[in-house]
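In case you want the letters, here they are:
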Amino acid sequence: VQGVVICQTERSKKGIETLDKFNVPYIVLDTYPIDYIGPYVANDVVAAGSLSAKHLLEVGCKKPVLIMPFLSEDNNSFSSFVCIREGFSSVLAARGVKFSSSNIFNAGLTIKAGFEILPKILRTQPDIDGILCGNDLCALGVIDAIYKIGLKVGQGIAVMGIDDLPVSGLERISLTSIQQPYK
């Protein structure tokens, strides 16, 4: 083997440690451990978080929340989600918008997860006006839940995703999404 492109789950560093042990050259693709300092190719997800926060502020949001999978102080999950949170919260802080761990909600990356988390968010923070979801599927679930309770997206509450899936651009959906170019 001349080298390896590794796309790992970050739950364990065993893959990288094994490659290091046998001196196999590698490049990490897409996601990497928080403390990783080797070569990698990944999207600039800090920028994705920053762009999302800027957009929500530009459309008038004053109380945005973040929906990410399993983010907490004790469990940083995937580096990409930590970086999105970093970019998002730093822009809000720089603009004087109150944002803390109480504005971060844990949900999966599915339509069902987005649908199920919205009522929980509204019970604790009924005055939110902007939501960034960890991906478009979660955002689509949030949109569905918003319409189910009689609200309208874009009228009092903005929703964003990250992925820019083709379905997100359909006129009836029209989800604002940060594109991650994988081509």
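Look above for the structure.
Residues numbered from 1 in each chain as written. Predicted model: local features only at pLDDT ≥ 70, side-chain atom pairs only at ≥ 80, totals over all residues. Heavy atoms only, no water.

Trainee: Explain the sheet that holds strand β3 (residues 40-41) here, please?
Mentor: Two strands in a sheet stick together by hydrogen bonds in their backbones, pointing the same way (parallel) or opposite ways (antiparallel). Here we have three strands laid out as an open sheet, ordered β1-β2-β3, and parallel in their pairing. Two strands close off the open sheet at either side, each with one partner strand: β1 (4-6) and β3. Two elements, β1 and strand β2 (residues 26-29), share three bridges in a ladder whose sense is parallel. From the neighbouring strand, I6 faces β2, where its bridge partner is V28. (Pairing = 2+ DSSP bridges. Helix = DSSP H or I, 4+ residues; strand = E, 2+ residues; numbered from the N terminus.)

Trainee: Even after reading the chapter, I still don't get the packing of aromatic side chains, so can you show me in this structure?
Mentor: Both the distance between ring centres and the angle between the ring planes are used here to describe each pair of aromatic rings. Taken as a whole, this structure holds one aromatic pair when the rule is applied. A ring pair is formed by F88 and F99, whose centres lie 5.4 Å apart and whose planes are at 75°; its orientation type is edge-to-face. You can see F88 sitting in helix α3 (residues 79-94) and its partner F99 sitting in the loop between α3 and β5 (104-106), a full 11 residues away along the chain. Residue class for F88 comes out buried when judged on its relative accessible area of 0%. (Phe/Tyr/Trp six-rings, centres within 6.5 Å; stacked < 30°, edge-to-face > 60°. Buried < 20%, exposed > 50% of the residue type's maximum accessible area, 1.4 Å probe, protein only.)

Trainee: Please clarify how the pattern of salt bridges should be interpreted in this entry.
Mentor: Two side chains of opposite charge can pair, provided their charged atoms sit close to one another. The tally for this structure, following the rule as stated, stands at two salt bridges. K63 is the salt-bridge partner of D127, the closest N and O atoms lying 2.6 Å from each other. Of the two residues, D127 is situated in the loop between α4 (111-124) and β6 (130-133) and K63 in the loop between α2 (45-58) and β4 (64-68); the sequence distance between them amounts to 64 residues. With a shortest N-O distance of 3.9 Å, K112 and E116 are connected by a salt bridge. Placement of both K112 and E116 in helix α4 is noted, with a separation of four residues, approximately one turn of the helix. Judged by its relative accessible area of 57%, K112 is exposed. (Salt bridge = Lys/Arg side-chain N within 4 Å of Asp/Glu carboxyl O.)

Trainee: I'm lost on α4 in this one. Help?
Mentor: Each α-helix turn comprises 3.6 residues. Residues three or four places apart therefore point the same way. The sharpest bend along α4 reaches about 25° and sits at I117, with the proline P119 one to four residues further on. Those residues of α4 that sit buried are A113, G114, I117, L118, I121 and L122. Contacts made by the buried residues of α4 are with β4, β5, β6 and α5 (136-148). (Bend = angle between axes of the 7 residues up to and from the residue. Contact = heavy atoms within 4.5 Å.)

Trainee: Would you take a moment to explain unusual backbone geometry for this structure?
Mentor: If a residue is not glycine, its phi is most likely negative; likewise, a peptide bond is most likely trans. The backbone phi angle of N23 is positive, close to 55°, even though this residue is not glycine. Its location among the elements puts N23 in the loop between α1 (14-21) and β2. Given a relative accessible area of 68%, N23 falls into the exposed group. Backbone geometry places D163, a non-glycine residue, at a positive phi of 150°. Within the secondary structure, D163 sits in strand β8 (residues 156-163).

Trainee: I tried to follow the nonpolar core on my own but got confused; where do I start?
Mentor: For soluble globular proteins, nonpolar side chains are generally found buried alongside one another. Y26, V28, L66, I84, F88, L92 and L132 are the most contacted members of the largest nonpolar core, which totals 29 residues. Of all elements in the fold, only α1, β2, α2, β4, α3 and β8 reach the threshold of two or more residues within this core. With six residues, α3 is the single largest residue contributor to this core. Not counting the four nearest positions on each side in its chain, L66 is found in contact with R85, F88, F99, N103, I104, F105 and L132. The next biggest cluster of nonpolar side chains, apart from the first, holds 22 residues, and it includes V65, F105, I131 and A145. (Core = buried A, V, L, I, M, F, W, Y, C linked by side-chain atoms within 4.5 Å.)

Trainee: Mind showing me how you'd approach the side chain of Q125 here?
Mentor: Positionally, Q125 belongs in the loop between α4 and β6. On the accessibility criterion, Q125 (15% relative accessible area) is buried. From its side chain, Q125 meets the backbone oxygen of S102 in a polar contact 2.5 Å long. Q125 has contacts with V65, S102, N103 and F105, leaving out every residue within four places of it along the chain. (Polar contact = N/O pair within 3.5 Å; in protein donor to acceptor, adjacent residues only side chain to side chain.)

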